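Residue-level structural notes
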Amino acid sequence: MDLMEAITQRRSIHEYKPENVEGDLLEEIFNLATLAPTHRMKQAWNILLYQADGKEDYSKAVLDSYHRKGFFTGYELEKREQLEEGIREFLLHIPHHALIYMERDEDERKYEEDYASVCAYIQNVQLLAWEAGVGVLWTTSPYLHDPQFSWDIGLDPSKFKLVSVLQIGYPKRIPNPKKRTPIKSKLKVIDTSQKADV
Ligand SMILES: Cc1cc2nc3c(=O)[nH]c(=O)nc-3n(C[C@H](O)[C@H](O)[C@H](O)COP(=O)(O)O)c2cc1C
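Small disclaimer: the values here were computed from a predicted structure and weren't measured.

Before going further, it helps to examine the site of the ligand. Close contacts around the ligand come from R10, R11, S12, H14, L137, W138, T139, T140, K178 and R180, and that covers them all. In this structure, S12 approaches the ligand through a side-chain N or O atom, which is 2.6 Å from an oxygen atom. One of the backbone N or O atoms of T140 is found 3.2 Å from an oxygen atom in the ligand. Calculation on the ligand without its partners gives an accessible area of 620 Å², and the protein chains cover 64% of this total. Along the lines of polarity and charge, the residues of the shell around the ligand split into two nonpolar, four polar and four charged.

As a further point, take the environment of P157. Checked against the element boundaries, P157 lands in the loop between α6 (147-152) and β5 (160-169). On the accessibility criterion, P157 (17% relative accessible area) is buried.

A few words now on the nonpolar core. V118, L166 and I168 are the most contacted members of the largest nonpolar core, which has 23 residues in total. With five residues, helix α5 (residues 108-131) is the single largest residue contributor to this core. Residues Y58, Y66, F72 and L155 belong to the second largest nonpolar core, which totals 18 residues.

This brings us to the packing of aromatic side chains. The full count for this structure, using the stated rule, is nine aromatic pairs. On the numbers, 4.8 Å between centres and 15° between planes, the contact of W45 with Y121 is stacked. Within this pair, whereas W45 is found in the loop between α2 (23-32) and β2 (46-51), its partner Y121 is found in helix α5, the two being separated by 76 residues in sequence. Y121 sits in the buried class, given a relative accessible area of 1%. Ring geometry for Y50 versus Y58: centroids 4.9 Å apart, planes at 25°, classification stacked. Each member of the pair, Y50 as well as Y58, is classed as buried.

Orientation of helix α3 (residues 54-68) relative to helix α4 (residues 77-93), taken along the N-to-C sense of each, is 140°, at an axis distance of 10 Å. Here α4 runs oblique to α3, going by the angle between their axes. Crossing angle aside, the handedness with which α3 passes α4 is right-handed. Residue-level contacts link K55, E56, Y58, S59, V62, L63, Y66 and H67 of α3 to R80, E84, I87, R88, L91 and L92 of α4. Looking at the contact of α3 with α4 residue by residue, the classes come out as seven nonpolar, two polar and five charged.

This brings us to the side chain of S150. Note that S150 resides in helix α6. A residue is classified by how much of its surface remains accessible, and S150, at 2% relative accessible area, is buried. Dropping the residues within four chain positions of it, S150 is found in contact with L155, D156, P157 and L162.

Our next topic: the pattern of salt bridges. As enumerated under the stated definition, the model contains 13 salt bridges in all. Taking the shortest distance from any N to any O, the salt bridge between E113 and R40 comes out at 3.1 Å. Within this pair, whereas E113 is found in helix α5, its partner R40 is found in the loop between α2 and β2, the two being separated by 73 residues in sequence. Put simply, D152 and R68 hold a salt bridge, and the shortest N to O gap is 3.8 Å. Of this pair, D152 sits in helix α6 while R68 sits in helix α3; the two residues are 84 residues apart in sequence, bridging distant segments of the chain. Overall, the relative accessible area of 41% leaves R68 in the partly exposed class. Through salt bridges with shared partners, a single network forms among E56, E85, R88 and E89.

The rules behind these values
- Per chain, residue numbering runs from 1 following the sequence as it is written.
- Per-residue local features are limited, in this predicted model, to residues with pLDDT of at least 70; the limit for side-chain atom pairs, both in listing and counting, is 80 or more; totals at the level of whole chains, interfaces and linings are taken over all residues.
- Side-chain measures were taken over the full set of non-hydrogen atoms in the model, leaving aside hydrogen atoms and water.
- Residue proximity to a molecule or strand is established when one non-hydrogen atom of the residue lies within 4 Å of it.
- A 3.5 Å cut-off defines polar contacts: any pair of N or O atoms within that distance qualifies, except that in protein one atom must be a possible hydrogen donor and the other a possible acceptor, and neighbouring residues in sequence count only when both atoms are side-chain atoms.
- For the accessible areas, the method is Shrake-Rupley and the probe is 1.4 Å, while residue cover comes only from the protein chains on display.
- Classification convention: Asp, Glu, Lys, Arg as charged; Ala, Val, Leu, Ile, Met, Phe, Trp, Tyr, Cys, Pro as nonpolar; all other residues, Gly among them, as polar.
- Secondary structure elements are taken from DSSP: a helix is a run of H or I of four residues or more, a strand is a run of E of two residues or more, and numbering for both begins at the N terminus.
- Think of it in three bands: with a 1.4 Å probe and only protein chains considered, a residue is buried below 20% of the maximum accessible area for its type, exposed above 50%, and partly exposed in between.
- Think of a nonpolar core as a cluster: buried Ala, Val, Leu, Ile, Met, Phe, Trp, Tyr and Cys residues, connected wherever their side-chain atoms sit within 4.5 Å.
- We call Phe, Tyr and Trp rings a pair once their centres come within 6.5 Å, taking the six-membered ring for Trp, and we label the pair stacked below 30 degrees between planes, edge-to-face above 60, and tilted otherwise.
- The axes used here are C-alpha line fits, helices contributing only the stretch in contact, and every angle between their N-to-C directions lies in the interval 0 to 180 degrees.
- Each angle receives one of four descriptions, namely roughly parallel if under 35 degrees, roughly antiparallel if over 145, roughly perpendicular if within 65 to 115, and oblique otherwise.
- Throughout, a crossing is termed right-handed when the near helix is turned clockwise from the far one, and left-handed when it is turned anticlockwise from it by less than a right angle.
- By definition in these notes, contact holds between two residues if any of their heavy atoms fall within 4.5 Å.
- Every case where a carboxyl oxygen of Asp or Glu lies within 4 Å of a side-chain nitrogen of Lys or Arg is listed as a salt bridge.

Right, here's the structure in full:
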């Protein structure tokens, strides 16, 4: 698969087959993705990869966060338990959750450089995974901004920024492409040499 194919065919995947992706393949994807551009060679990306039994603790931390955020408030006990179980089952059915995080640099400019670089890393992961037949969903759920969630997964929120959780697995269903606005309407060419010629 060439790059253009990977970019045009990649889709965000929401439904996965029940099997795990081979550990070596995941590591290869995560490793090749490190060739993302990174200013000052900071390589700010870090990954907590939850899979198999490891997903239990992760799911609990997510549900606890949903409780704190008031997601279940106002529901009768039975309905609340149903909702909780539904979310838990949903999370446990996703083969891998890769939580991507970075150290917070106190310098705003460096923080932005690191964040941008980590996003480039994530897109590399998505494209490399796609090429290998592996689906990814880039997510940014509210719990990533819940300091207690951060503590619960062992990261001091004052020191670390939780960037994303990538859901990963072999796709069960590939969604239809979502159209993009052609760049022509957003592109303004500034070329004074053209003006001079008129
Ligand atoms: C920073 C970022 C956060 C995202 N967060 C979510 C998310 O929380 N849930 C979700 O379903 N998709 C999320 N997405 C995926 C987008 O919704 C998806 O890329 C968009 O709908 C276009 O679909 P495509 O990737 O299949 O082309 C996120 C994408 C980015 C770049």
